[in-house]
Amino acid sequence: MVLALTVCGIVVALVVVGLFVFGLRRRLIQRSGGTFDCSLRWDAPEKGDSGGKGWAYGVARYNGDRVEWFRVFSYAPRPRRVLERSAIEVAGRRVPEGEEELALLSDAVILACVHRGTRLELAMSEDALTGFLAWLEAAPPGQRVNVA
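One numbering rule holds for all chains: residues counted from 1, following each sequence as written. Confidence filtering applies because this is a predicted model: local features only for residues at pLDDT of at least 70, side-chain atom pairs given and counted only at 80 or more, and all residues used for totals across whole chains, interfaces and linings. Side-chain calculation: all heavy atoms of the structure are included, whereas hydrogens and water are not.

The name that an unreviewed UniProt entry assigns to the chain is Secreted/membrane protein, with the source organism given as Streptomyces thermodiastaticus.

Below you can see the structure in the form of structure tokens.
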């Protein structure tokens, strides 16, 4: 009986510590400011495929001329993807369709992009999208930015 209670106590303690680390990591990411909720689909399929597969929920953070994207359900302290402003080409925007509506947040707008030859899609709120497009267009003089 004592062994079972000890094991249960250890399991509960590990779960609490794990949840605390998740929260601490998110606070550390957001501490520098300029963050927004953003789902990402890397190597996005061609137009017409609105399946909900491939989407990962995350937090994006502006860092100078880069956007750093972190998975929400990860303990990694470093960003999973880094997008340079000068390498992002916006191909268009659309609303979620079909299974995507279940995979993404309810107010999401999908922005189709190309980054160094890789198709990707970013899903974010309308407010975050406005800020993201303004950030893209605010590139320093001499940088080429393609916004559709």
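Now that the structure has been shown, the text picks up again.
**Looking at the packing of aromatic side chains**
To keep it simple, the criterion reads: In this scheme Phe, Tyr and Trp rings, the latter by its six-membered ring, pair at centre separations within 6.5 Å, and the angle between planes marks the pair as stacked below 30 degrees, edge-to-face above 60, and tilted otherwise. Note on geometry: a ring has a charge over it if NZ (lysine) or CZ (arginine) is within 6 Å of the ring centre and within 35 degrees of the ring normal.
Counted by the stated rule, this structure contains four aromatic pairs. Within the aromatic cluster, the residues linked to one another by ring pairs are Phe36, Tyr62, Phe132 and Trp135. A cation over a ring is seen here: arginine 81 above tryptophan 42, with NZ or CZ 4.1 Å from the ring centre.

**Some remarks on the sheet that holds strand S6 (residues 88-94)**
Definition in use: Strand pairing is assigned whenever DSSP detects at least two bridges linking the two strands. Think of it this way: any DSSP run of H or I at least four residues long counts as a helix, any run of E at least two long counts as a strand, and we number them from the N terminus. To get an axis, a line is fitted to the C-alpha atoms, and for a helix only the part in contact is used. The angle between two axes follows their N-to-C directions and goes from 0 to 180 degrees. Should any heavy atoms of two residues lie within 4.5 Å, those residues are counted as being in contact.
Taken in spatial order, the four strands line up as S2-S8-S7-S6 in an open sheet, and their pairing is antiparallel. With one partner strand each, in any of the chains shown, strand S2 (39-42) and S6 form the two edges of the open sheet. Geometrically, the sheet is characterised by an average inter-axis angle of 20 degrees between neighbouring strands, direction not taken into account. Bridging between S2 and strand S8 (residues 118-124) involves four bridges; their strand directions are antiparallel. Note on S8: the bridge partner recorded for serine 39 is alanine 123. Against the sheet, helix H3 (residues 126-137) makes contact with S6, strand S7 (109-115) and S8, and its axis sits at roughly 150 degrees relative to S6, the strand it touches most.

**What about a nonpolar patch on the surface?**
Selection criterion: By definition, no residue in a patch forms a salt bridge, and every one has over 30% relative accessible area; like charges are joined within 9 Å, nonpolar side chains (Val, Leu, Ile, Met, Phe, Trp, Tyr) within 5 Å. Accessibility throughout is a Shrake-Rupley quantity obtained with a 1.4 Å probe, and a residue counts as covered only by protein chains that appear here. A pairing counts as a salt bridge when a side-chain nitrogen of Lys or Arg comes within 4 Å of a carboxyl oxygen of Asp or Glu.
The grouping of Val17, Phe20, Val21, Leu24, Leu28 and Tyr75 at the surface amounts to a nonpolar patch, some 570 Å² of accessible area in total. Within the secondary structure, leucine 24 is located in helix H1 (residues 2-31).

**Digging into the sheet that holds strand S3 (residues 58-63)**
The sheet built from four strands is open, its strands ordered S1-S3-S4-S5 with antiparallel pairing. The outermost strands of the open sheet, each flanked by one partner alone, are strand S1 (35-37) and strand S5 (81-84). For this sheet the average axis-to-axis angle between neighbouring strands, irrespective of direction, equals 20 degrees. Pairing of S3 with strand S4 (residues 66-71) involves six bridges; the strand directions are antiparallel. Bridging from a neighbouring strand, alanine 60 pairs with tryptophan 69 of S4. Against the sheet, H3 engages S1, S3, S4 and S5, with an angle of about 30 degrees to S3.

**A short note on the environment of phenylalanine 20**
Mapped onto the elements, phenylalanine 20 comes out in helix H1. With 17 residues separating them in the primary sequence, phenylalanine 20 and aspartate 37 have C-alpha atoms 20 Å apart.

**What to know about H3**
Using the following cut-off: Residue count minus one, scaled by 1.5 Å, sets the expected span of a helix. Each residue is placed in one exposure class: buried if its accessible area under a 1.4 Å probe, protein chains only, is under 20% of its type's maximum, exposed if it is over 50%, and partly exposed if it falls in between. Working definition: the arc comes from the directions between the helix axis and the C-beta atoms, pointing outward to the latter.
If you check H3, its first and last C-alpha atoms are 17 Å apart, about what 12 residues at 1.5 Å a residue would give, namely 16 Å. Turning to H3, its buried residues number three or more, namely Ala128, Leu129, Phe132, Leu133, Trp135 and Leu136. Considered in projection along H3, the buried side chains sweep an arc of 155 degrees and stay on one side of the axis. Across H3 from its buried face, at more than 90 degrees, point the exposed residues Asp127, Thr130 and Glu137.

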